[in-house]
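Chain and residue survey
Next come the chains, spelled out residue by residue.
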Amino acid sequence: MRALLAAILIPALLLLPNRAKAEEIPAQAAYLIEANTGRVIAAQNEHARLPMASTTKIMTALLAIESERLDETVTVVPEAEGTEGSSLYLKAGETLKLIDLVYGLMLRSGNDAAVAIACFLDGSVEAFVERMNEKAGALSLADTHFANPNGLHDAAHYTSAHDLCLLAAAALDDPVFSGIVKTQYYESHGDTLRTWKNKNRLLWEYEGGVGVKTGYTKAAGKCLAFAAERGDMKLVGAVLNCSAMWDTAKAMLDDGFARFETRIFADRRTEWIIPVKNGAKKALSAVPISCILYTVEIGRDESFDVEVSLLPALEAPVHAGDAVGTATLLMDGRAVRSVPIVAAESVDTVGFPEIFRKAVLCYHG
């Protein structure tokens, strides 16, 4: 039963997006989703493979955080000093914590910080880049390939608006990452005292802005992965080669918050009863493992239904949390989200004396 739970835990998103007209979004590519439910709000040229400049650093930061080495001291390698482009002005041989480098990476977009992180974690930029691409594969980012940890131009370094948006959403699920990218100011304490202000204007200029990363090179143009939260909605988006990236991001977020809302179609109070064989109880209650939420377009005629698939009966013992079925949300007859149904209680096996007693009682009528 626990294997079944693991197999059906990932929500399904099978709908095509609401497709934006090319003239509506002044970017070469764009993508916007409601991250809690996966609903696609807007999409334009979303699978085009394009350079992404310093938005690359979302992956670099995520891998650094996942290393669980943030409190370790890093000695800056010579390869990091003098890295072209945006910089923390690190010096070879100076020391600071990995967490300080990650803040400098995300708030001030330090290209030298990216090289220092890569060499510290994997011994070389090349080895770290291998891990970046492995992580991209694990996240199913089919239109993404990394050639470096900072986003400096390389023909083999690209992503899509779709992939960048999904990467940002996955990173924001990490509480350390989300805390870093919404930090407005940070003071590092290494050999050199540094104070950084976050380059992300949305943190100051947009209600609910929570991140995530800017990027620019001549080849990539202006790029932005962005996110905002209001109420129970978290919108995450990406624009690539977008000269008016701040205004465009704000307009996309405004449109998403105005046109969509998140509704609950079933919660933990929803329950089903399943028979139990050879158990101390003849049946148990089953509940969704989480609320079934979906983001719907306000005023649009969309039909929703919850389709339930349950095991016909259970064999004791059963443990609370064991997977016993699936609840699938259908929109206009198409599956858009799937949530496991689990046992809400445990049921032990009936011992032999109890089985014998019941058999005797039954025999004697």
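Here the structure is shown first, and the text comes after it.
In this text, all values refer to a predicted model and were calculated from it rather than measured experimentally. (Residues numbered from 1 in each chain as written. Predicted model: local features only at pLDDT ≥ 70, side-chain atom pairs only at ≥ 80, totals over all residues. Heavy atoms only, no water.)

**Topic: the overall build of the protein chain**
Convention followed: Under the scheme used here, helices are H or I runs from DSSP no shorter than 4 residues and strands are E runs no shorter than 2 residues, and both carry numbers assigned from the N terminus. Burial status follows relative accessibility: with a 1.4 Å probe on protein chains alone, a residue under 20% of its type maximum counts as buried, one over 50% as exposed, and anything between as partly exposed. Note on contacts: a residue pair qualifies if any of its non-hydrogen atoms lie within 4.5 Å across the two residues. Residue exposure ignores everything except the shown protein chains as possible cover, and the areas themselves are Shrake-Rupley values with a 1.4 Å probe.
A tally of helices and strands in the protein chain yields ten helices and 17 strands. For the protein chain, the proportion of its 365 residues judged to be buried stands at 52%. Once local pairs closer than 6 in sequence are excluded, the contacts in the protein chain between residues at least 24 apart make up 63%. Accessible surface computed for the protein chain: about 16700 Å², of which carbon and sulfur atoms make up 53%.

**Quick notes on the side chain of T183**
Heads up, the rule is: As used in this structure description, the phrase polar contact means that two N or O atoms lie within 3.5 Å; if the pair is within protein, one of them must be able to donate a hydrogen and the other to accept it, and residues adjacent in sequence are counted only when both atoms belong to side chains.
If you trace the backbone, T183 turns up in the loop between helix 7 (175-181) and strand 5 (185-189). Taking relative accessible area as the criterion, T183 reaches 18% and is therefore assigned buried. Polar contacts involving the side chain of T183 include one to the main-chain carbonyl oxygen of G179, which spans 2.7 Å.

**Focus: the sheet that holds strand 12 (residues 283-288)**
Where we set the bar: Note on pairing: DSSP must find at least two bridges between two strands before they are called paired.
On the basis of which strands lie adjacent, the open sheet formed by six strands has the order 14-16-17-12-11-15 and mixed pairing. The open sheet has two edge strands, strand 14 (304-310) and strand 15 (314-315), and neither has a second partner. Bridge analysis of strand 16 (residues 323-331) against strand 17 (residues 334-343) gives eight bridges, and the strand direction is antiparallel. The residue of strand 17 that forms the bridge with L330 is A335.

**Topic: the layout of surface pockets**
Rules: Cavities and pockets are found on a 1 Å grid laid over the protein atoms alone: a cavity is a set of points where a 1.4 Å probe fits but cannot escape, a pocket is an open set with protein on both sides within 12 Å along at least five of seven lines, and a lining residue has an atom within 4 Å of such a point. Grid points are joined across faces, edges and corners, and a volume is the space filled by probe spheres set on the points. When residue character is reported, Ala, Val, Leu, Ile, Met, Phe, Trp, Tyr, Cys and Pro are called nonpolar, Asp, Glu, Lys and Arg charged, and the others, Gly included, polar.
A volume near 240 Å³ is recorded for the second largest pocket. Forming the boundary of the second largest pocket are 17 residues, of which S54, S86, S109, G215 and Y216 lie nearest the centre. Looking at the lining of the second largest pocket, the element that brings in the most residues is strand 7 (residues 209-217), giving four residues. Of the residues contributing to the lining of the second largest pocket, the split by class is five nonpolar, ten polar and two charged.

**Here we look at the pattern of salt bridges**
Inclusion rule: Each salt bridge in this description consists of a side-chain nitrogen of Lys or Arg and a carboxyl oxygen of Asp or Glu lying within 4 Å of one another.
Tallied over the full model, the rule gives 17 salt bridges. The residue E207 makes a salt bridge to R230 at a minimum N-O spacing of 3.9 Å. One end of the pair, E207, is in the loop between helix 8 (202-205) and strand 7; the other, R230, is in strand 8 (residues 221-230), with 23 residues separating them in the sequence. Measuring nitrogen to oxygen at the nearest pair gives 2.7 Å for the salt bridge that ties R269 to D267. Judged by relative accessible area, which is 73%, R269 ranks as exposed.

**Looking at the pairing of strand 5**
Side chains of strand 5 alternate between two faces, with Y186 and S188 buried and Y185, E187 and H189 left unburied. Sheet topology places strand 5 next to strand 6 (residues 193-197); five bridges connect them, and they run antiparallel. Counted as the bridge partner of S188 is R194 from strand 6. The turn linking strand 5 back onto strand 6 is made up of three residues.

**Considering the environment of S109**
On the secondary structure map, S109 appears in the loop between helix 3 (98-107) and helix 4 (111-122). Residue class for S109 comes out buried when judged on its relative accessible area of 3%. Expressed as a C-alpha distance, the spacing of S109 and K199, which sit 90 residues apart in the sequence, is 8.2 Å.

Treat this as a map of the structure, not an account of what it does.
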